[in-house]
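# Fold and geometry: a report
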Amino acid sequence: MSTKGLQEVFRVVVENVLNRWTALRLAVEHGMGGPLGLNTAIELIEYITSYCTENKHVDAIDLREVLEEIMDQEFETICEDDSTQEVSAVLIKHLKMLKEGKEEEVKAEIDMMVPCEMWIMSGSKIKYQQMDDSSDSEQDANDQEDMDVEPASAVDVVSEVNPSTCGSSTKFIEESIDPGWTQVRGRRRR
């Protein structure tokens, strides 16, 4: 199979796998890739396709590192669920099959995948989730008014503790020392 033919067939595999990658979709939906996150995801398909087909010796570890770096730099996302490893393993498996001339088997496996929405394409509309990480200073002021601050009661208890070794003449004395903590309690419920 020629490099151009390999790229065309492998691109279909990359599209199908990346459209099913939940971490990528969530990163785009939550705006982690900025306002052009969808465009970055489209470019990711092109980049991964050319990266895998133009380099002679690409393995799952290399591809995983590339995916992790792209997710971190472009989408400010670190996948702790090992999905980058899973995605790279599936892509490399299908790439090797294509290089071995098993194009029909690859197409059959792609067809057997659970149907999904092909959201990574030009003209797609992504519903962005608004992240509310700002704090409302008026709300903070109200929360502070609702709290009473009471000093914690410090009870200095002196008690004798016998050591565990019998016959010892040393006496241990335990004291509770006020560590300077303050107990905060809410005044009213909403």
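Below: a short report on this structure.

Definitions and cut-offs
- Residue indices follow the written sequence of each chain, beginning from 1 at its first position.
- Under the rules for a predicted model, residues below a pLDDT of 70 receive no local features and side-chain atom pairs below 80 are neither given nor counted, while totals for whole chains, interfaces and linings still include all residues.
- By convention in this description, side-chain values take in all heavy atoms of the structure and omit both hydrogens and water.
- Using protein atoms alone on a 1 Å grid, points that fit a 1.4 Å probe yet trap it form a cavity, whereas open point sets bounded by protein on both sides within 12 Å along at least five of seven lines form a pocket; residues with an atom within 4 Å of a point count as lining.
- Grid points are joined across faces, edges and corners, and a volume is the space filled by probe spheres set on the points.
- Each helix is a run of H or I in the DSSP string that is no shorter than four residues. Each strand is a run of E no shorter than two, and both are numbered from the N terminus.
- The classification used treats Ala, Val, Leu, Ile, Met, Phe, Trp, Tyr, Cys and Pro as nonpolar, Asp, Glu, Lys and Arg as charged, and all other residues, Gly among them, as polar.
- In this analysis, the expected span of each helix is defined as 1.5 Å times one less than the number of residues it contains.
- Throughout, exposure labels follow a simple rule: accessible area from a 1.4 Å probe, protein chains only, divided by the maximum for the residue type, with under 20% read as buried, over 50% as exposed, and the rest as partly exposed.
- Note on definitions: a residue-residue contact is assigned when non-hydrogen atoms from the two residues lie within 4.5 Å.

What follows covers the layout of surface pockets. Estimates place the volume of the largest pocket at around 220 Å³. Around the largest pocket sit Val17, Arg20, Trp21, Thr22, Ala23, Asp81, Ser83, Glu86, Val87, Val90 and Met113, which together line it. Taken together, the elements giving at least two residues each to the lining of the largest pocket come down to helix H2 (22-29) and helix H5 (83-99). Grouping the constituent residues of the lining of the largest pocket by class yields six nonpolar, two polar and three charged.

This paragraph deals with unusual backbone geometry. Most peptide bonds are trans, and most residues other than glycine sit at a negative phi. Even without glycine at this site, glutamate 76 takes up a positive phi of about 50°. Notably, aspartate 82 is not glycine yet its phi reads approximately 60°, a positive angle. Inspection of the secondary structure puts aspartate 82 in the loop between helix H4 (60-75) and H5.

What follows covers H5. Taking 1.5 Å per residue, 17 residues should reach 24 Å; H5 reaches 24 Å between its end C-alpha atoms and fits that length. Along H5, the positions that sit buried rather than exposed are Ser83, Thr84, Val87, Ser88, Leu91, Ile92, His94, Leu95, Met97 and Leu98. Taken together, the buried residues of H5 touch helix H1 (3-19), H2, helix H3 (37-54), H4 and helix H6 (103-112). A positive phi of about 85° marks glycine 101, the residue just after H5.

For the rest of this paragraph, the subject is the environment of serine 88. Inspection of the secondary structure puts serine 88 in helix H5. Accessibility expressed as a relative area gives 1% for serine 88, which makes it buried. Along the chain, serine 88 and valine 66 lie 22 residues apart, while their C-alpha atoms are 9.3 Å from each other. Look past the residues within four positions of serine 88 in its chain and what remains in contact with it is Ala60, Leu63, Arg64 and Leu67.

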